[in-house]
Amino acid sequence: MRAIAVSEFGATPALMSLPVPVPGPGEMLVKMVAASLNPTDWKICDGMLKDEVDHAFPLIMGMDGAGVVEAVGEGKAPFGPGDQVYGQFFLPPRGLGSFAEFAIAAPGAAVAKMPDSMIYSQAAAVPTATMTAFNMVETAGVDVGHTVLIVGATGGVGQSAVQLAAGRGAKVIATAHSDMADEMRRLGAAETVGYGRADRPGDVSEQVLRLLSSGIDEIIDLVSDQAGVERLAGLLRLGGTYISSVWGVHPDKMAAHALRGLNFDNEASPALLAQIAGLIDAGRLRVRVQEEVSIEDAPATIARARAGGSRGKTVIRF
């Protein structure tokens, strides 16, 4: 089968020909139709988890995808041949990931029935980003009447977070460059602010204060380092929550100012993916696919994605 893999930590991702994996007990072999790219994918290939998880090489990249169950191993599996599924397909100890023509879904993995209203390329773009957004909004305590600042709103996690927070009845302020402002409003943002915007000069804090002097209830931050977090934390009301997906928060410093600071670890599950599929089919959540590429073009696309500036999800089609 064709796959995008690395030969060692830090190696350049390349198109390789590798054996089709064999499903073990309770596992599903899934013929992948589409897979999506997350920043975590190249970070893992750079060695982010090398001290925590065993890795086999060549290591196939990718966690998220959507496809059709081809076969199941011995024993019970949640789905059978012919079922359309989406979710996370990543087994680093066996060198397996979703950027391949076939992938393995392990027992208990976050894999669920694909949303009825989505095609494969859309469904592949959902799992990790949208589960992360859902859990961050939930953990932050976003509720009706709250005001929420989402920093890094134009990426996959951010776009889902905007929709989910607005869906809870919160007023959402999203960071976005001017070319994405209209899209953010379509997703539910009441206001947008951005770095270096000519129409709203000043840094993000100044722009937010001009829009809303009474303070923010929650900040969901997907991009800022510790220095950036400290600049933005002053926007919070007393008792407000700052949650960071990149571990930029110093909880003790936040607590000293009567603020709740959280560094976020995501928890994925089949039940959460099924719940998200229900939101999608009810028309309450959508995903923006920025780009679709072939597996042959994937290595060059991954290199570009590492430079940043995401405006949505990148999907690989098989």
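That block above? That's the structure.
If you're wondering where the values come from, they're calculated on a predicted model, not measured in any experiment. (Residues numbered from 1 in each chain as written. Predicted model: local features only at pLDDT ≥ 70, side-chain atom pairs only at ≥ 80, totals over all residues. Heavy atoms only, no water.)

Caption draft 1: Seen up close, the pattern of salt bridges. Evaluated as defined, the whole model comprises 13 salt bridges. Where D182 meets R185, a salt bridge forms, and the shortest distance between an N and an O atom there is 2.8 Å. Of this pair, D182 and R185 are both found in helix α5 (residues 181–187), three residues apart, which corresponds to roughly one turn of the helix. Exposure remark for R185: the relative accessible area of 41% places this residue in the partly exposed category. (Salt bridge = Lys/Arg side-chain N within 4 Å of Asp/Glu carboxyl O. Helix = DSSP H or I, 4+ residues; strand = E, 2+ residues; numbered from the N terminus. Buried < 20%, exposed > 50% of the residue type's maximum accessible area, 1.4 Å probe, protein only.)

Caption draft 2: Seen up close, helix α10 (residues 298–305). For α10, the complete set of buried residues consists of A298, T301 and I302. Seen from one end, α10 has its buried residues packed into an arc of 100°, which puts them on one side. The inward-facing, buried residues of α10 contact β1 (2–6), α1 (39–45), β15 (289–294) and β16 (313–317). (Arc of directions from axis to C-beta. Contact = heavy atoms within 4.5 Å.)

Caption draft 3: Local environment of the nonpolar core. Counting residues in hydrophobic clusters, the biggest one holds 50 residues, and the most contacted among them are Y86, V142, I150, V162, M184, I220 and I276. When contributions to this core are tallied by element, the ones reaching two or more residues are β3 (28–36), α2 (120–124), α3 (127–140), β9 (147–151), α4 (156–167), β10 (171–175), α5 and α9 (270–281). Discounting residues that sit within four places of it in the chain, I276 has contacts with Y86, V126, T130, M131, F134 and L285. If you look at the next biggest cluster of nonpolar residues, it comprises 31 residues, including A11, A35, F102 and A298. (Core = buried A, V, L, I, M, F, W, Y, C linked by side-chain atoms within 4.5 Å.)

Nothing here speaks to function; it is geometry throughout.
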